[in-house]
Amino acid sequence: MPLLNEDDRETALQRLREAYADERISHEEMDERLDMVLTAKTHSEFASALASLPEERPGTTSTIAAAGGRIQRRGAWRVPRILRVASAFGRVRLDLSRAIIEHPVVDIELQLGTGGARITVPRDAVVDVEGLHTGWKDLRYKPRRRSGLGGPKIRISGTLGYGRLEIRHARR
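Summary of the structure given here. Only a predicted model underlies this, so the values are computations on that prediction, with no experimental measurement involved.

This paragraph deals with the sheet that holds strand β13 (residues 165-169). On the basis of which strands lie adjacent, the open sheet formed by five strands has the order β2-β5-β8-β13-β11 and parallel pairing. Edge positions in the sheet fall to β2 (70-73) and β11 (140-141), since each has one partner strand and no second. The pairing of strand β5 (residues 91-95) with strand β8 (residues 117-121) spans four bridges and is classified as parallel. Counted as the bridge partner of L94 is I119 from β8.

What follows is the structure, encoded as structure tokens:
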């Protein structure tokens, strides 16, 4: 059985917190399950800790799509756990610097044809672009020297055809 990684453990902890907040489990049950998740070494070892819990809250996946034009989100918008962005051509601007991010890990899945994209992440965010495939132009991203402690992990994946993706950390 494969070993757990930190994202798996964090997802499990988030599910437990949500179940407790929704009063689906008692305080004692929460303590027991937290201990099981934190001490587990493999997926099978903590499967029982997550038994009978809902997978994720409804509405944790959203899709924004446009054939052309501009896709833009900024200000205090609620970021879903999984955000799918699809655009045949046009600009994409996602500003997460003042957004409401309730999940420790956010997946942004891009399917972009032509046109540029810019994503501004919170200052303390950790960005992972391992799953991103660019076509014509390269990615512009300079990771912060000090990794953010306590900030969300933003995983960006998908494909970008003829355009550049620029990722930057918010200044404040």
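For helix α2 (residues 27-39), spanning 13 residues, the distance from its first C-alpha to its last is 18 Å, which sits close to the expected 18 Å at 1.5 Å a residue. Where α2 is concerned, the buried positions are M30, R33 and V37. The buried residues of α2 occupy an angular sector of 75° when projected down its axis, which confines them to one face. Turned more than 90 degrees away from the buried face of α2, the exposed residues are E28, E32 and L38.

In this section: a negative patch on the surface. Taken together, the side chains of E28, D31, E32 and D35 define an acidic patch exposed on the protein surface. Turning to its location among the elements, D31 is positioned in helix α2. Since its relative accessible area comes to 41%, D31 is described here as partly exposed.

Moving on, we get to the pattern of salt bridges. Applying the stated criterion across every chain, the model contains six salt bridges. When the shortest N-O distance is used, the salt bridge between E109 and R84 registers 2.8 Å. With E109 in strand β7 (residues 105-114) and R84 in strand β4 (residues 82-89), this residue pair connects regions lying 25 residues apart in the sequence. Judged by its relative accessible area of 36%, R84 is partly exposed. The partner of R155 in a salt bridge is D107, with the nearest N and O atoms 2.6 Å apart. Taken as a pair, R155 in strand β12 (residues 153-162) and D107 in strand β7 lie far apart in primary sequence, 48 residues in all. According to the relative accessible area criterion, D107 is buried, its value standing at 13%. Members of the salt-bridge network, linked through shared partners, are R81, D107 and R155.

A word on the side chain of H169. Relative to the helices and strands, H169 is located in strand β13. Engagement of the side chain of H169 in a polar contact is seen with the backbone oxygen of P122, the distance being 3.3 Å. Within the structure, the side chain of H169 is placed 3.0 Å from the side chain of Y141, a separation counted as a polar contact. Not counting residues up to four positions away in its chain, the partners in contact with H169 are T120, V121, P122, R123, A125, V127, Y141, K142 and R144.

Time to look at a positive patch on the surface. A cluster of basic residues, R70, R74, R91, R98, R118 and R172, forms a positive patch at the surface. With respect to the secondary-structure elements, R74 resides in the loop between β2 and β3 (78-79). Since its relative accessible area comes to 61%, R74 is described here as exposed.

With that settled, the discussion passes to the environment of V79. With respect to the helices and strands, the residue V79 is situated in strand β3. The buried category is assigned to V79, whose relative accessible area is 2%. It is 8.4 Å that separates the C-alpha atoms of V79 and T60, two residues lying 19 residues apart in sequence.

Thresholds applied
Residues numbered from 1 in each chain as written. Predicted model: local features only at pLDDT ≥ 70, side-chain atom pairs only at ≥ 80, totals over all residues. Heavy atoms only, no water. Pairing = 2+ DSSP bridges. Helix = DSSP H or I, 4+ residues; strand = E, 2+ residues; numbered from the N terminus. Expected span 1.5 Å × (residues − 1). Buried < 20%, exposed > 50% of the residue type's maximum accessible area, 1.4 Å probe, protein only. Arc of directions from axis to C-beta. Patch = residues over 30% accessible without salt bridge, like charges linked within 9 Å, V, L, I, M, F, W, Y side chains within 5 Å. Areas by Shrake-Rupley, 256 points an atom, 1.4 Å probe, with all protein chains shown as cover. Salt bridge = Lys/Arg side-chain N within 4 Å of Asp/Glu carboxyl O. Lys, Arg positive; Asp, Glu negative; His and termini not counted. Charge placed at Lys NZ, Arg CZ, Asp CG, Glu CD. Polar contact = N/O pair within 3.5 Å; in protein donor to acceptor, adjacent residues only side chain to side chain. Contact = heavy atoms within 4.5 Å.

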